[in-house]
Amino acid sequence: MLKQGGLYHFTWSCDDTGSEDYHVNYGTAEQLYGPITYRYPILSKNVEKGMLGTGHHCIFNENETGQYRIAYHRFVTPLSRFSSGKGYHREICMDPLLFGKDGLIQPVIL
């Protein structure tokens, strides 16, 4: 959870960590204890680029630039490299987290 622009922004991982559909959902609230309005996924797979199972994240603000970033893990691909344990071989990633003119977090483009 973070507070930006007078809104509380909540994010949570959804689905199973071993699923290629593992993703990060997003919601907002005007008060810390809600109610929370579900918005949309801000981080999800991109099959065309082989980016699967994006989740288990952390959002932070870089003090030097004031830029928000999201760190997360995803499956190491191609999956054919592994005979078992698909989804347990992970890459750590970090991307900018941007806010739109409406004050909402924009989906991360993979």
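Everything that follows concerns the structure shown earlier in this document.
Quick caveat, the model's predicted, so the values are computed rather than measured.

A. Geometry of the overall build of the protein chain. For the protein chain, the helix and strand inventory stands at zero helices and seven strands. Seen in sequence order, the protein chain has helices and strands lined up from the N terminus as β-β-β-β-β-β-β. Here the protein chain displays about 6600 Å² of accessible surface, and carbon together with sulfur accounts for 52% of that area. Computed over 10 positive and 11 negative side-chain charges, the separation of the two mean positions in the protein chain equals 3 Å.

B. Structural view of the pairing of strand S3 (residues 23–29). Counted residue by residue, S3 has seven buried out of seven residues, so it is predominantly covered. Judged by which residues are buried, S3 turns out to be covered on both faces: His23, Asn25, Gly27 and Ala29 on one side and Val24, Tyr26 and Thr28 on the other are all buried. Strand direction decides the pairing type here: strand S2 (residues 7–14) and S3, joined by seven bridges, are antiparallel. Each residue of the ladder has a partner; that of tryptophan 12, found in S3, is asparagine 25. Pairing between S3 and strand S4 (residues 37–43): five bridges, direction antiparallel. When the bridges of S4 are listed, threonine 28 appears paired with threonine 37.

C. Fine view of the side chain of aspartate 95. Mapped onto the elements, aspartate 95 comes out in strand S7 (residues 90–97). For the buried aspartate 95, which has no salt bridge, the nearest side chain bearing the opposite charge is arginine 74, at an N-O separation of 5.9 Å.

D. Just the environment of phenylalanine 60, in detail. Note that phenylalanine 60 resides in strand S5 (residues 55–61). With relative accessibility at 29%, the residue phenylalanine 60 sits in the partly exposed group. Separated by 11 residues in the primary sequence, phenylalanine 60 and alanine 71 have C-alpha atoms spaced 8.2 Å apart.

E. Main features of the sheet that holds S5. Across the sheet, which stays open at both edges, the three strands sit in the order S5-S6-S7 with antiparallel pairing between neighbours. Only two strands of the sheet have a single partner each, and these edge strands are S5 and S7. Neighbour-to-neighbour, the strand axes of this sheet turn through a mean angle of 20°, independent of strand direction.

F. Region of interest: unusual backbone geometry. A cis amide bond links glycine 34 to the next residue, proline 35, at an omega of 10°. Omega for the bond connecting threonine 77 with proline 78 falls within 30 degrees of zero, at 0°, which places this linkage in the cis form. Tracing the chain through its elements places proline 78 in the loop between strand S6 (68–75) and S7. You will see that aspartate 15, though not glycine, has its phi angle at about 90°, which is positive. Here aspartate 15 shows up in the loop between S2 and S3. Residue aspartate 15 is classed as partly exposed on the basis of its relative accessible area of 45%. Phi angles above zero are rare outside glycine, and histidine 56 is one such case at about 50°.

Parameters and conventions
- Residues numbered from 1 in each chain as written.
- Predicted model: local features only at pLDDT ≥ 70, side-chain atom pairs only at ≥ 80, totals over all residues.
- Heavy atoms only, no water.
- Helix = DSSP H or I, 4+ residues; strand = E, 2+ residues; numbered from the N terminus.
- Areas by Shrake-Rupley, 256 points an atom, 1.4 Å probe, with all protein chains shown as cover.
- Lys, Arg positive; Asp, Glu negative; His and termini not counted.
- Charge placed at Lys NZ, Arg CZ, Asp CG, Glu CD.
- Buried < 20%, exposed > 50% of the residue type's maximum accessible area, 1.4 Å probe, protein only.
- Pairing = 2+ DSSP bridges.
- Salt bridge = Lys/Arg side-chain N within 4 Å of Asp/Glu carboxyl O.
- Axes fitted to C-alpha atoms, helices over the stretch in contact; angles between N-to-C directions.

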